Amino acid sequence: MRDLGAGFRYLLKGQKWVGRHGRQYGFGLLPGLITLVLYAGALVALALWGSGLIDWATPFADDWADPWAGLFRGLLTAVLFALALLLCVLTFTAMTLLVGQPFYESLSERVDRDVSPDGTAPESDLPLWRELWISARDSLRIVARAAVWAVLLFALGFVPVAGQTVVPVIGLFVTGFFLTEELTAVALQRRGVEVRDRLALLRSRKTLVWGFGTPLALAFLVPFVAVFLMPGAVAGATLMARDLTGEDTEDGDGAAKRQEDVNAP
């Protein structure tokens, strides 16, 4: 239970950090806004043409008597849209991190330098194109895993009682885990930690991960909130990555303190 509270505190510390660094927060908003526009456009297109897609995919229902064909296709259209919405929630972080890789990489490095006792941050020796390729490849792997869980949980949602009570709670914890993996990947990838090792590291501290990711997943269900929380979530995930790798962390604004010492007469 201690780890559960620690994970939530990292989430709050990340939001507090970007609150003290307004310029970093402003830059960190851009990728989320871009991703939000892209996802909103895709959902609007699905709402407009989803029923036509279902009609095309179910020609066998053309000869069904009324109102069964309409009810069947209407249910499939609703299921399709709900599944697309769930996938948007699960993949929003991965897509935003991919779009904003340079922004969040810079933000994560700034956090590392700020809280590191010696004012340094781990740096990747890979060129930008290589980092983008690795990030995209790893994100696809995580999205594929998340999609399997999404389909499974969606199917379990039709189970009476449990589907409306237990399954949504499990879904939040699953979503929180994958959100945390994507967010900590920014800092851990710079440290040369491969995706399999990242997953093993996170599984070893599940309650810490749930404390960080589950409240964030719940907040991300509210429209537009994800955009404004993403910069702080990256900052908090960087702080948690330092904990997972056993690195020492200074409390407070370490960079500001060191700068004051340099400028002191």
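Heads up: these notes are all about the structure in this document. (Residues numbered from 1 in each chain as written. Predicted model: local features only at pLDDT ≥ 70, side-chain atom pairs only at ≥ 80, totals over all residues. Heavy atoms only, no water.)

## Section: the nonpolar core
Thinking step 1. Core analysis: the biggest nonpolar cluster contains 46 residues, and Leu 97, Leu 183, Phe 212, Leu 216, Met 230 and Val 234 have the highest contact counts within it.
Thinking step 2. Examining the composition of this core, we find that 10 residues originate from one element, helix α9 (residues 225-244), more than from any other.
Thinking step 3. Excluding residues within four positions of it along the chain, Val 234 makes contact with Leu 97, Tyr 104, Leu 107 and Leu 183. (Core = buried A, V, L, I, M, F, W, Y, C linked by side-chain atoms within 4.5 Å. Buried < 20%, exposed > 50% of the residue type's maximum accessible area, 1.4 Å probe, protein only. Helix = DSSP H or I, 4+ residues; strand = E, 2+ residues; numbered from the N terminus. Contact = heavy atoms within 4.5 Å.)

## Observations regarding the packing of aromatic side chains
Thinking step 1. Scanning the entire structure with this criterion turns up five aromatic pairs.
Thinking step 2. Look at Phe 60 and Trp 64: their rings are 6.0 Å apart centre to centre, the planes differ by 55°, and that puts the pair in the tilted class.
Thinking step 3. Classification of Trp 64 by relative accessible area gives partly exposed; the value is 36%.
Thinking step 4. Pairing Phe 177 with Phe 178 gives two aromatic rings, centres 5.8 Å apart and planes at 85°, and the pair type is edge-to-face. (Phe/Tyr/Trp six-rings, centres within 6.5 Å; stacked < 30°, edge-to-face > 60°.)

## Looking at α9
Thinking step 1. In a regular helix each residue adds 1.5 Å, so 20 residues correspond to 28 Å; α9 covers 27 Å between its end C-alpha atoms and thus fits that length.
Thinking step 2. Its axis deflected by about 35° at Pro 231, α9 carries its strongest bend there.
Thinking step 3. Counting buried positions along α9 gives 16 out of 20 residues, so the element sits mostly inside the fold. (Expected span 1.5 Å × (residues − 1). Bend = angle between axes of the 7 residues up to and from the residue.)

## A closer look at the packing of helix α2 (residues 22-57) against helix α4 (residues 101-115)
Thinking step 1. Packing of α2 against α4 brings their axes to within 9 Å, and their N-to-C directions diverge by 150°. Relative to α4, α2 is oriented so that their crossing is left-handed. Where α2 abuts α4, its residues Gln 24, Phe 27, Gly 28, Leu 30, Pro 31 and Gly 32 lie against Phe 103, Tyr 104, Ser 106, Leu 107 and Arg 110.
Thinking step 2. For the contact of α2 with α4, the per-class residue count stands at six nonpolar, four polar and one charged. (Axes fitted to C-alpha atoms, helices over the stretch in contact; angles between N-to-C directions. Left-handed = near helix turned anticlockwise from the far one by under 90°. Nonpolar A, V, L, I, M, F, W, Y, C, P; charged D, E, K, R; others polar.)

## Points about helix α6 (residues 162-190)
Thinking step 1. Taking 1.5 Å as the rise per residue, α6 with 29 residues should run 42 Å; its terminal C-alpha atoms sit 41 Å apart, in good agreement.
Thinking step 2. The largest bend in α6 is about 40°, located at Thr 184.
Thinking step 3. Once α6 finishes, Gly 192 follows within two positions and takes phi at roughly 80°, a positive value.

## Quick look at a positive patch on the surface
Thinking step 1. A surface patch of positive charge is lined by Arg 145, Arg 196, Arg 203 and Lys 206.
Thinking step 2. Tracing the sequence through the fold places Arg 196 in helix α7 (residues 195-203).
Thinking step 3. For Arg 196, a relative accessible area of 69% translates into the label exposed. (Patch = residues over 30% accessible without salt bridge, like charges linked within 9 Å, V, L, I, M, F, W, Y side chains within 5 Å. Areas by Shrake-Rupley, 256 points an atom, 1.4 Å probe, with all protein chains shown as cover. Salt bridge = Lys/Arg side-chain N within 4 Å of Asp/Glu carboxyl O. Lys, Arg positive; Asp, Glu negative; His and termini not counted. Charge placed at Lys NZ, Arg CZ, Asp CG, Glu CD.)

## Notes on the pattern of salt bridges
Thinking step 1. All chains considered together, the criterion is met by 11 salt bridges.
Thinking step 2. Residues Arg 191 and Asp 112 are paired through a salt bridge, measuring 2.9 Å at the closest nitrogen-oxygen approach. You can see Arg 191 sitting in the loop between α6 and α7 and its partner Asp 112 sitting in helix α4, a full 79 residues away along the chain. The burial state of Arg 191 is the same as that of Asp 112; both residues are buried.
Thinking step 3. A salt bridge links Arg 198 to Glu 181, with the shortest nitrogen-to-oxygen separation between them at 2.9 Å. Highlighted residues: Arg 198 in helix α7 and Glu 181 in helix α6, separated in sequence by 17 residues. Neither Arg 198 nor Glu 181 differs from the other in exposure class; each is buried.
Thinking step 4. Via salt bridges that share partners, Glu 105, Asp 112, Arg 190, Arg 191, Arg 242 and Glu 247 belong to a single interconnected network.

## Some thoughts on the environment of Leu 43
Thinking step 1. Locating Leu 43 in the fold gives a position in helix α2.
Thinking step 2. Along the chain, Leu 43 and Ala 84 lie 41 residues apart, while their C-alpha atoms are 7.6 Å from each other.
Thinking step 3. In this structure, Leu 43 is in contact with Phe 81, Ala 84, Leu 85 and Cys 88, ignoring residues within four places of it in sequence.

## Concerning the packing of helix α8 (residues 206-220) against α9
Relative placement of two packed helices is described by the angle separating their axes and the distance separating the axes.
Thinking step 1. Relative orientation of the contacting elements α8 and α9 amounts to 175°, with a least axis distance of 11 Å. Classified by the angle their axes make, α8 and α9 are roughly antiparallel. From α8, Leu 208, Phe 212, Leu 216, Ala 219 and Phe 220 reach across to α9, where they touch Val 225, Ala 226, Leu 229, Met 230, Ala 233, Gly 236, Ala 237, Met 240, Asp 243 and Leu 244.
Thinking step 2. Counted by class, the contact of α8 with α9 contains 13 nonpolar, one polar and one charged residues. (Parallel < 35°, antiparallel > 145°, perpendicular 65-115°, else oblique.)

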